[in-house]
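# Structure assessment
The lines below spell out each chain.
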Amino acid sequence: MKAAVYYENGAPDVFRYENVPDPECHPRGIVIRVEAVSIEGGDTLNRLRGALVTKPHVVGYQAAGEVVEVGSEVTNLKVGDKAVTTGAYGSHAELRAVSARAAWKIPAGMDLKLAACVPIPFGTAHECLFEFGRMKKSEVVLVQAGASGVGIAAIQLAARAGASMVLATASSDARLEKLQPLGLTHGINYQRDDLVTEVMRLTDNKGCDVIVDPVGGTTLQASILSLAYRGRVSMVGQAGREPMKVDVSTMMGGNRTLSGVFLGAEIATDRVYGIIQGLIEDVAKGELKVVIDRQFKLSEAADAHRYIESRQAVGRVLLVP
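Definitions and limits used
Residues take numbers from 1 onward in each chain, read along the sequence in its written order. Given that this is a predicted model, residues contribute local features only at a pLDDT of at least 70 and side-chain atom pairs are listed and counted only at 80 or more, while totals for whole chains, interfaces and linings are drawn from all residues. Side-chain metrics in this entry use all non-hydrogen atoms of the structure; hydrogen atoms and water are not considered. Each helix corresponds to a stretch of at least 4 residues labelled H or I by DSSP, and each strand to a stretch of at least 2 residues labelled E; elements are numbered beginning at the N terminus. Our radius of gyration looks at C-alpha atoms and nothing else; its globule reference is 2.2 Å times the residue count to the power 0.38. A simple rule labels every residue: compare its accessible area, found with a 1.4 Å probe on the protein chains alone, to the largest value its type can have, and call it buried under 20%, exposed over 50%, or partly exposed in between. Contact criterion: two residues are considered in contact whenever any of their non-hydrogen atoms come within 4.5 Å of each other. Method for areas: the Shrake-Rupley scheme with a 1.4 Å probe, in which residue coverage is limited to the protein chains shown. For the charge count, each Lys or Arg is scored as positive and each Asp or Glu as negative, with His and the chain ends excluded. By convention, the charge on Lys lies at NZ, on Arg at CZ, on Asp at CG and on Glu at CD. Buriedness of a pocket was judged along seven lines, with at least five required to meet protein on both sides within 12 Å; pockets are open sets of points on a 1 Å grid over the protein atoms alone, cavities are sets where a 1.4 Å probe fits but cannot get out, and lining residues have an atom within 4 Å of a point. Grid points are joined across faces, edges and corners, and a volume is the space filled by probe spheres set on the points. For this scheme, ten residues count as nonpolar: Ala, Val, Leu, Ile, Met, Phe, Trp, Tyr, Cys and Pro. Four count as charged, namely Asp, Glu, Lys and Arg, and the remainder, Gly too, count as polar. Strand pairing requires that DSSP identify at least two bridges connecting the strands. Fitted lines through C-alpha atoms give the axes, limited to the stretch in contact for helices. The angle between two N-to-C directions lies from 0 to 180 degrees. Any two of the Phe, Tyr and Trp rings considered here, Trp counted by its six-membered ring, make a pair once their centres fall within 6.5 Å; the pair's planes then place it as stacked at under 30 degrees, edge-to-face at over 60, or tilted in between. To sit over a ring, a charge needs its Lys NZ or Arg CZ within 6 Å of the ring centre and within 35 degrees of the ring normal.

## Things to note about the overall build of the protein chain
Scanning the protein chain from terminus to terminus reveals ten helices and 15 strands. The C-alpha atoms of the protein chain give 19 Å as radius of gyration, which agrees with the globular expectation for 321 residues (20 Å, within 12%). Seen through its C-alpha atoms, the protein chain measures out along the principal axes to roughly 60 × 40 × 35 Å. Looking at the protein chain as a whole, 52% of its 321 residues are labelled buried. Within the protein chain, counting contacts between residues at least 6 apart in sequence, those at least 24 apart form 69% of the total. Of the roughly 13,800 Å² of accessible surface on the protein chain, 50% is carried by carbon and sulfur atoms. Where the 35 positive side-chain charges of the protein chain centre and where its 36 negative ones centre are 2 Å apart.

## Structural notes on the side chain of Gln 277
Looking at where Gln 277 falls in the secondary structure, it is placed in helix H9 (residues 270-284). Taking the relative accessible area as the measure of exposure, Gln 277 reaches 18% and is therefore buried.

## Description of the layout of surface pockets
By volume, the second largest pocket is sized at about 330 Å³. Forming the boundary of the second largest pocket are 15 residues, of which Met 1, Pro 23, Thr 54, Val 58 and Tyr 89 lie nearest the centre. By residue class, the composition of the lining of the second largest pocket is eleven nonpolar, two polar and two charged.

## Describing the sheet that holds strand E12 (residues 227-235)
In a beta sheet, neighbouring strands are held together by backbone hydrogen bonds and run either parallel or antiparallel to one another. In space, the six strands of this open sheet follow the order E10-E9-E8-E11-E12-E13, with parallel pairing throughout. Taken across any chain shown, the strands that pair with only one partner, and hence form the sheet edges, are strand E10 (186-189) and strand E13 (257-260). Put simply, the sheet's adjacent strands are angled 15 degrees from each other on average, direction ignored. Sheet topology places strand E8 (residues 140-143) next to strand E11 (residues 208-213); three bridges connect them, and they run parallel. Along E11, the bridge assignment pairs Val 141 with Val 210. Packed onto the sheet, helix H7 (residues 217-225) meets E11, E12 and E13 and runs at close to 155 degrees relative to E12.

## Some thoughts on empty space enclosed by the protein
Enumeration according to the criterion identifies one cavity of 30 Å³ or more in this entry. Taken together, Cys 117, Pro 121, Phe 122, Ser 148, Gly 149, Ile 152, Lys 289, Val 290, Val 291, Gly 315 and Arg 316 make up the lining of the largest cavity. Counting only elements with at least two residues in the lining of the largest cavity, the list comes to helix H3 (119-131) and helix H4 (149-160). Counted by class, the lining of the largest cavity contains six nonpolar, three polar and two charged residues.

## Side note on the environment of Gly 149
Structurally, Gly 149 is set in helix H4. Residue classification places Gly 149 among the buried residues on the basis of a relative accessible area of 7%.

## Focus on the packing of aromatic side chains
Using the criterion set out here, one finds three aromatic pairs in the structure. Considering the side-chain rings of Tyr 6 and Phe 15, the 5.7 Å spacing of their centres and the 80 degrees angle between planes classify their relative orientation as edge-to-face. With respect to class, Tyr 6 is no different from Phe 15; both count as buried. Where Trp 104 meets Tyr 273, the ring centres are 5.0 Å apart and the plane angle is 20 degrees; that geometry is what we call stacked. Residue Trp 104 is found in strand E7 (residues 103-105), and its partner Tyr 273 is found in helix H9; the two are separated by 169 residues along the sequence. Given the relative accessible area of 13%, Tyr 273 is considered buried. Looking at Arg 294, its charged tip hangs above the ring of Tyr 307, at a distance of 4.7 Å from the centre.

## Considering helix H10 (residues 301-309)
For H10, the set of buried residues is Ala 301, Ala 302, Ala 304, His 305 and Tyr 307. Residues of H10 that are buried make contact with strand E1 (2-5), helix H1 (41-49), strand E14 (292-297) and strand E15 (316-320). A positive phi of about 60 degrees marks Arg 311, the residue just after H10.

## Notes on unusual backbone geometry
Of the consecutive residues Lys 55 and Pro 56, the connecting peptide bond is found in the cis state with omega at 0 degrees. By secondary structure assignment, the location of Pro 56 is in the loop between H1 and strand E4 (62-70). Notably, Asp 204 is not glycine yet its phi reads approximately 55 degrees, a positive angle. By the element assignment, Asp 204 lies in the loop between helix H6 (195-202) and E11.

The following block contains the structure:
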């Protein structure tokens with residue numbers, strides 16, 4: 001099969017488009033013929049400095065396609081089904097092997113490109129808001145990196161759950177404007193405005209009840225300083241690629257909470273597996289929206305990663321074999 005591979009970590013230019021051996025199907029797994037790859041933020045971080053589990057390495061968390069092989073112990077999927085898959089690596093290829101527990105059946109008639117974008121971003125946003133953020137109706141929610149996959153999902157889920165106000169940050173007014181139809185109440189341009197000052201102005205100095213922060217670094221410090229009394233931050237990534245050094249001294253006096261969130265730790269549990277299947281069905285029904293910014297050929301993986309790192313995208317960037 002063809003795949004976008006690399007032999008060493010580094011900038012997007014490390015990608016090579018080459019023939020590699022087809023993946024093998026585990027007795028409890030499946031193989032899909034990939035039709036759409038949703039590039040996740042973690043894919044770019046892994047390319048930059050993640051472990052090369054295979055060599056040449058095929059990076060990538062998430063892809064959707066047609067099931068072409070099923071392990072002898074698998075009962076929930078069959079050859080010919082359409083499925084969206086997740087895994088630690090392997091999405092940037094024409095074929096992808098995963099555990100059947102890391103695959104969700106796509107409803108009949110659903111666009112595979114939309115399905116390819118659901119499990120990790122929407123599942124992560126759901127965990128940040130509800131499982132760890134304990135969001136309740138009428139609370140104020142702030143979503144850092146609102147134009148990201150997790151950000152777009154979190155804005156919609158918070159609005160649907162009855163947040164009194166949904167705030168989000170992005171690097172330009174143009175990007176923030178594209179988030180308005182998704183349920184955004186107020187956008188904050190972090191390139192121009194001080195986040196904490198804006199949050200306090202918009203909330204009458206009360207702060208935010210729940211904050212989803214996939215950026216980390218200095219942004220995480222601003223999130224902490226933007227919390228209301230008993231506010232909760234769900235820290236879910238390090239997209240900013242800065243050292244994670246924060247002062248948490250302001251949290252005690254306000255009975256505030258900082259939680260680390262990693263979807264992968266619980267993605268195979270019945271609870272999370274079922275939540276993700278429900279989110280896929282919500283997108284299929286049009287109750288939640290996937291935003292696709294651009295798509296590239298699989299052979300153009302370097303260009304796609306470079307585009308993501310330019311921070312121009314609003315929503316998902318796809319690779320299509």
